[in-house]
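Letter by letter, the chains look like this.
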Amino acid sequence: HEVNRCRGLFATHYHELRVLADRLDGLALHAMRVREWKGEVVFLHEVGPGSADRSYGIQVARLAGLPDPVIARAEQVLGQLEETGQGLTMAQLADELPLFSALSRPVAPPGGPSAVESLLDDVNPDELTPRSALDLVYRLKALRQGES
């Protein structure tokens, strides 16, 4: 703000910017517009002045396909934060409310790795082209459906 007079900064979950907007004349906040309808979040694909009135992280996680146990744990953590988390530091939150603590690690199947795991062992993500990544997704899907 003071040094390079940056024209734009894009941030998610950076609610402290609201506090800075009161202190910095050159800072103007804008946010993606959303509406809630029948318990779902609808992204309006427009930007307007102001800041987000709340976080939609759990809804976005659900839309992104995170597993139901992760979503349920996130809702539980959010509930605890809303009840008691106001005075906790981020370090305390990390210790007291681990998001994935309710998830148990999957037990390795007897007899070695699965076909999917074996296929993934041979993949170097840094060497995948967009086409080969798409082919890999189809091969993984076929393996999961038992069509190997």
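Here, the structure is the one placed above.
Sequence order as written defines residue numbering, which begins from 1 separately in each chain. Restriction of local features to residues with pLDDT of at least 70 applies here, the model being predicted, together with a cutoff of 80 or more for giving and counting side-chain atom pairs; totals for whole chains, interfaces and linings are based on all residues. Side-chain numbers here rest on the full set of heavy atoms in the structure, without hydrogens or water.

Definition used for salt bridges: Asp or Glu carboxyl oxygen within 4 Å of a side-chain nitrogen of Lys or Arg. Following the criterion strictly, the structure yields two salt bridges and no others. Here Glu 75 and Arg 62 are joined by a salt bridge, their closest N and O atoms 2.8 Å apart. In this pair, Glu 75 is assigned in helix α3 (residues 68-84) and Arg 62 in helix α2 (residues 57-63), connecting sequence segments 13 residues apart. Three exposure classes are used, based on accessible area relative to the maximum for each residue type with a 1.4 Å probe and protein chains only: buried under 20%, partly exposed in between, and exposed over 50%. By relative accessible area, which is 40% here, Glu 75 ends up partly exposed. Residue Arg 62 is classed as partly exposed on the basis of its relative accessible area of 40%. The partner of Asp 135 in a salt bridge is Arg 131, and the shortest N-O contact between them spans 3.3 Å. A residue pair is termed a helical-turn pair when its members lie 3 or 4 positions apart in one helix, as Asp 135 and Arg 131 do in helix α6 (residues 130-144) at four residues. Overall, the relative accessible area of 32% leaves Asp 135 in the partly exposed class. Here Arg 131 falls in the exposed class, since its relative accessible area comes to 55%. Numbering of helices and strands runs from the N terminus, with a helix taken as a DSSP run of H or I at least four residues long and a strand as a DSSP run of E at least two residues long.

Right, let's talk about the pairing of strand β1 (residues 30-37) for a bit. Should DSSP find at least two bridges between two strands, the strands are taken to pair. Pairing between β1 and strand β2 (residues 40-49): seven bridges, direction antiparallel. Counted as the bridge partner of His 30 is Pro 49 from β2. With antiparallel pairing between neighbouring strands as the criterion, β1 and β2 make up a hairpin whose turn holds two residues, including Lys 38 at a positive phi of roughly 55°.

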